[in-house]
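Listed here are the chains, written in short residue letters.
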Amino acid sequence: MTNHEISRRQLAKFGFGVAAVAGVTSVSGLGIVSAAHALESRGDDSPRSDELAFTASVNRSYSFLNAMMDGYAQGPVTRLSQSYTDQQGLESTGFVYDNSLVINSYLLRGQPADIARASVLGKALLHAQQVDAIGDGRVRQAYFVDQPDAQGVFVRPALFPFFFLGSAVGDMAWSGIALAQLFHRTGDRQFLDGAVKLGRWIVNNTFDTRGAGGFNFGVDNNNSKLLFKSTEHNIDCVALFTMLAALTRDGSWLTQAEHARTFVNAMFDSTDGEFFFTGTTEDGTTINTSNIPEDVQTWSFLATLDETHARSIDWAKTNLATTDTPQTINSRLTGNSKLSGVTFASQSLRALAPSDQFSAAPSPNAVWFEGTGHLAAALLVRRLSAKRDLPGFHGDVDTARTLLDSIRASQETLAKSQTVGGKAIPDGEGVVAASSVLNTGFGFSYNPNRHIGATSWFVMAGQAGNPLQLGLRTDRHDQD
């Protein structure tokens, strides 16, 4: 395995260290509800039973996010949230990417208690940035969140046994996006200052002119530069830098956004399937064609709203589609469960061997629920933002309904018997990362354990939210 195949979600193993939901039941008038069990309305003013079920599912997802955030401290205490339930075996690790998603999820629902929670998490990111040993504006991939540091903040370096100390561009950008969204919502200047510092860190440490330009991967836990490039990371940069330009009114950020976007555009393959490649090898020029991931196919549109590349959404919808049943290879499902969605990447559909020594044998039919949320969100945003008819785009809402209904079903059947900090989480709250063990093809796996990242994408998609656009919403141009 080469370095350019490493996902930012698994830096540790390769030299980085070993209430009512307003507006949810009818998303911008689209009625995002259960597609599989839709019932007739009981009257013009009476919600459908499936709409009520969907609202309840989103409410339970927020309850799970609250429980994970409150695993070790409560109220206004500055802290990050544990990313996975204890059963994942990562102790109290809180990944900054996951926490950034939670911030966006709270801001999207936007109740006063949600804003307060988002601000607490944002202040924890700022604290991590301010107390960092290098002190150049970075944050690290993840932190332990079970005990306070010397300042009483539940954010400590994730040292033994994981050493999640690297700083990848995607993690920096998503942290900056969360802080930018917080400033946009609250007006608290410290959040914008933190986002600007993260943007500057990316430019100062990873700006590249090789090949199509863009920004390199980041640095490892020894602060050594990683010179391969990730399409996903550059998509994240497009979003962050565009937000910073709008919030600071500094046009130089648009120049940086365009630098990232030029690289993203160069990774688009229009010859064989209209999809985006994952990035480059260490020379910064040679395209890595070995494994095609889902996230770049959907985030690319969420970040740019570029209709010329919107067919990548359809590529993911078709080529990464999967259905998990108890009869599929190595499935963890039981009884008559049947769950559908998308997988992580093209190699995931063929993987039968464990991804690493710590993972179990995977199911090539496992559903990746975070990615299924990405796809539902992208389909809804494409429908909402369409200025003209795109081929097949009128089916976007129906497909999104089906995907969201599958995630809801997974919450009802798989979110059981798990804990945070040893404390039981009620069954039926939160979304598991994958329906069965899923080998990503990038050297790590997802498991059927509850995950704040997968849960956040579900609640954001369910509200037609778009975390890669300032304000978390996409203007609707077509009301039909």
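Here the structure is a predicted model, which is why all the values come from computation and not from measurement.

Analysis parameters
- Each residue is numbered by its place in its chain's sequence as written, counting from 1.
- Owing to the predicted nature of the model, reporting of local features is limited to residues with pLDDT of at least 70; listing and counting of side-chain atom pairs is limited to 80 or more, with chain, interface and lining totals taken over all residues.
- Side-chain metrics rest on all non-hydrogen atoms present in the structure, leaving aside hydrogens and water.
- Put simply, DSSP marks the helices as runs of H or I at least four residues long and the strands as runs of E at least two long, and each gets a number from the N terminus on.
- Definition of a polar contact: a pair of N or O atoms within 3.5 Å, with one able to donate and the other able to accept a hydrogen when the atoms are protein atoms, and with sequence-neighbouring residues admitted only if both atoms are side-chain atoms.
- The contact rule is simple, with two residues in contact once any of their heavy atoms fall within 4.5 Å.
- In this analysis an axis means a line fitted to C-alpha atoms, helices contributing only their contacting stretch, and an angle means the value between N-to-C directions, from 0 to 180 degrees.
- Oblique is the label for any angle not under 35 degrees, not over 145, and not in the 65 to 115 range, which are roughly parallel, roughly antiparallel and roughly perpendicular in turn.
- Left-handed describes a crossing whose near helix is turned anticlockwise from the far helix by less than a right angle; the clockwise case is right-handed.
- Only Asp, Glu, Lys and Arg are considered charged, only Ala, Val, Leu, Ile, Met, Phe, Trp, Tyr, Cys and Pro nonpolar, and every remaining residue, Gly among them, polar.
- Only rings of Phe, Tyr and Trp enter the pairing, Trp through its six-membered ring, and a pair is recorded when the two centres are within 6.5 Å. The plane angle decides the type: under 30 degrees is stacked, over 60 is edge-to-face, the rest tilted.
- Throughout this description, buried means an accessible area under 20% of the type-specific maximum (1.4 Å probe, protein chains only), exposed means over 50%, and partly exposed covers the range between.
- As a reminder, the over-ring test applies to NZ of lysine and CZ of arginine, requiring each to be within 6 Å of the ring centre and within 35 degrees of the ring normal.
- Helix span is expected to be 1.5 Å times the residue number reduced by one.
- On a range of 0 to 100, pLDDT expresses the predictor's confidence in each residue.
- Between any two strands, pairing holds if DSSP finds at least two bridges.

## Let's talk about the side chain of Arg140
Thought 1: Positionally, Arg140 belongs in the loop between helix H3 (112-131) and strand E2 (142-144).
Thought 2: A polar side-chain atom of Arg140 sits 3.0 Å from the main-chain carbonyl oxygen of Leu165.
Thought 3: Beyond its immediate chain neighbours, meaning those up to four positions away, Arg140 contacts Val96, Asp132, Ile134, Phe164, Leu165, Gly166 and Ser167.

## Here's the deal with the packing of H3 against helix H5 (residues 189-206)
Any two packed helices are characterised by how steeply their axes cross, that is the angle between the axes, and by the distance between the axes.
Thought 1: At a minimum axis separation of 10 Å, H3 and H5 run at an interaxial angle of 45°. Accordingly, the angle class assigned to the pair H3 and H5 is oblique. Classified by chirality, the crossing of H5 by H3 is left-handed. Where H3 approaches H5, its residues Ser119, Gly122, Lys123, Leu126 and Gln129 are matched on the opposing element by Gln190, Phe191, Gly194, Lys197 and Leu198.
Thought 2: In the contact of H3 with H5, the residues fall into three nonpolar, five polar and two charged.

## Regarding the packing of aromatic side chains
Thought 1: Per the counting criterion, the structure on display carries 25 aromatic pairs.
Thought 2: For the ring pair Phe275 and Trp315, a centre distance of 4.9 Å and an interplane angle of 40° mean the geometry is tilted. Here Phe275, found in strand E8 (residues 275-276), pairs with Trp315, found in helix H9 (residues 311-319); they are 40 residues apart in sequence, far enough to count as distant. One exposure class covers both Phe275 and Trp315, and it is buried.
Thought 3: Note on Phe344 and Tyr446: the rings are 5.9 Å apart at their centroids and 40° apart in plane angle, and the pair reads as tilted. Taken together, the residues Phe344 in the loop between strand E12 (339-342) and helix H10 (369-385) and Tyr446 in strand E16 (residues 445-446) connect sequence positions 102 residues apart.
Thought 4: By relative accessible area, Tyr446 is classed as buried at 2%.
Thought 5: Each member of the aromatic cluster is reached from another via a ring pair, and the members are Tyr84, Phe95, Phe144, Phe162 and Phe164.
Thought 6: Against the face of Tyr62 rests Arg109, its NZ or CZ located 3.8 Å from the ring centre.

## Here we look at helix H4 (residues 169-186)
Thought 1: In this model, H4 (18 residues) spans 25 Å end to end at C-alpha, consistent with the 26 Å of a helix rising 1.5 Å per residue.
Thought 2: Of all the 18 residues making up H4, 15 are buried; the element is thus mostly covered by neighbouring parts of the structure.

## What to know about the confidence of the model for the chain
Thought 1: Counting all residues, the mean pLDDT for the chain is 89, and 86% of those residues have values of 70 or more.
Thought 2: Segment residues 1-45: pLDDT under 50, and 137 contacts once partners within four positions in sequence are set aside and those in other chains are kept.
Thought 3: Scored below 50 in pLDDT, residues 476-480 shows 12 contacts in the model against residues more than four places distant or in partner chains.

## Comments concerning the sheet that holds strand E3 (residues 156-157)
Thought 1: Across the sheet, which stays open at both edges, the three strands sit in the order E1-E2-E3 with antiparallel pairing between neighbours. The sheet is open, and its two edges are formed by strand E1 (93-95) and E3, each paired on a single side.
Thought 2: The sheet contact formed by E2 and E3 spans two bridges and is antiparallel. Within E3, the residue paired with Phe144 across the bridge is Arg156.
Thought 3: Across the sheet, helix H2 (residues 96-109) lies against E1 and E2, angled at about 65° from E1, the strand it touches most.

## What about the environment of Leu339?
Thought 1: Locating Leu339 in the fold gives a position in strand E12.
Thought 2: The class for Leu339 is buried, based on a relative accessible area of 3%.
Thought 3: Along the backbone, Leu339 and Thr325 are 14 residues apart, and their C-alpha atoms lie at a distance of 6.8 Å.
Thought 4: Look past the residues within four positions of Leu339 in its chain and what remains in contact with it is Thr322, Thr323, Asp324, Leu333, Val367, Phe369, Ser406, Ala409, Ser410, Thr413, Leu414 and Ser435.

## Describing the sheet that holds strand E5 (residues 216-219)
Thought 1: Reading across from one edge, E4-E5-E6 is the order of the three strands in this open sheet, with antiparallel pairing throughout. Two strands lie at the open edges of the sheet, namely strand E4 (167-168) and strand E6 (225-229), each paired on one side alone.
Thought 2: Bridge analysis of E5 against E6 gives three bridges, and the strand direction is antiparallel. Residue pairing for E6: Asn216 is matched across the bridge by Lys229.

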